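Spelled out, the chains give:
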Amino acid sequence: MKENCITSWAAVEERIKVFKAGCRQAGMKITPQRTAIYTELIKTQSHPTADNLYKRVKKRYSNISLDTVNRTLISLAKCGLAFIVEGTGQPKRYDGGGENHQHFLCVKCKRIVDFYHKPFENIKLPPR
């Protein structure tokens, strides 16, 4: 399956600036590993798992651990730089999309698709 991705390097660089500002605001260090994890996340719209991202980042940082990728993704979600897509009955999936949107899960192929529907913006989710 071909995945949609950010094709413009300028768009990636702009998102990296937002990432760095968000890290500073959250008091997180900007490390090469965190930057690589975030870059891989925003380059895809396939809503990868931590394991998917780990395999991609490990090609560049051979000593990175899956735990580091997991903790980084959770930290990025806490400060609003990434989103956790849950409720699929599968491992958590992550979304690096910066814009407000919703997700559609195909129950047949398990693919998660981004969409935007303004009336859904203000839906209150039940507490966990």
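Every value quoted in this text rests on a predicted model; they were computed, and no experiment measured them. (Residues numbered from 1 in each chain as written. Predicted model: local features only at pLDDT ≥ 70, side-chain atom pairs only at ≥ 80, totals over all residues. Heavy atoms only, no water.)

**Q** Explain the overall build of the protein chain to me, please; I cannot follow it from the model alone.
**A** Scanning the protein chain for helices and strands turns up four helices and four strands. The secondary structure elements of the protein chain, listed N-terminal to C-terminal, are α-α-α-α-β-β-β-β. A separation of at least 24 residues holds for 46% of the contacts in the protein chain among residues at least 6 apart in sequence. Carbon and sulfur atoms provide 54% of the accessible area of the protein chain, an area that totals close to 8,600 Å². (Helix = DSSP H or I, 4+ residues; strand = E, 2+ residues; numbered from the N terminus. Contact = heavy atoms within 4.5 Å. Areas by Shrake-Rupley, 256 points an atom, 1.4 Å probe, with all protein chains shown as cover.)

**Q** Any chance you could explain helix α1 (residues 9-26) here in plain terms?
**A** Each α-helix winds once per 3.6 residues, and so residues spaced three or four apart point in a common direction. Between the first and last C-alpha of α1 there are 25 Å, a value that for 18 residues agrees with the 26 Å anticipated at 1.5 Å per step. Restricting attention to buried positions, one finds in α1 the residues Val-12, Arg-15, Ile-16, Phe-19, Gly-22 and Cys-23. One side of α1 holds all its buried residues, which, seen down the axis, span an arc of 125 degrees. Away from its buried face, by an angle of more than 90 degrees, α1 presents the exposed residues Ala-10, Lys-17, Arg-24 and Gln-25. One or two residues past the end of α1 sits Gly-27, with phi positive at roughly 75 degrees. (Expected span 1.5 Å × (residues − 1). Buried < 20%, exposed > 50% of the residue type's maximum accessible area, 1.4 Å probe, protein only. Arc of directions from axis to C-beta.)

**Q** Mind showing me how you'd approach the packing of helix α2 (residues 32-42) against helix α3 (residues 50-58) here?
**A** Two measures define how a pair of helices packs: the angle their axes make with one another and the distance between the axes. One way to put it is that α2 packs onto α3 with a least axis distance of 10 Å and a crossing angle of 120 degrees. Like other packed secondary-structure pairs, α2 and α3 cross with a definite hand, here right-handed. Of the residues in α3, those touching α2 at Ala-36, Ile-37, Glu-40 and Leu-41 are Leu-53, Arg-56 and Val-57. Along the lines of polarity and charge, the residues of the contact of α2 with α3 split into five nonpolar, no polar and two charged. (Axes fitted to C-alpha atoms, helices over the stretch in contact; angles between N-to-C directions. Left-handed = near helix turned anticlockwise from the far one by under 90°. Nonpolar A, V, L, I, M, F, W, Y, C, P; charged D, E, K, R; others polar.)

**Q** Please clarify how the nonpolar core should be interpreted in this entry.
**A** Generally speaking, nonpolar side chains in soluble globular proteins are found buried as a group. Counting 22 residues, the largest nonpolar core has Tyr-38, Ile-64, Val-69, Leu-73 and Leu-76 as its most contacted members. Elements represented by at least two residues in this core include exactly α1, α2, α3 and α4 (66-78). Ranked by the residues each element gives to this core, the list is headed by α2, at five residues. For Tyr-38, the contacting residues outside a window of four places in its chain are Arg-15, Ile-16, Phe-19, Leu-76, Leu-81 and Gly-96. (Core = buried A, V, L, I, M, F, W, Y, C linked by side-chain atoms within 4.5 Å.)

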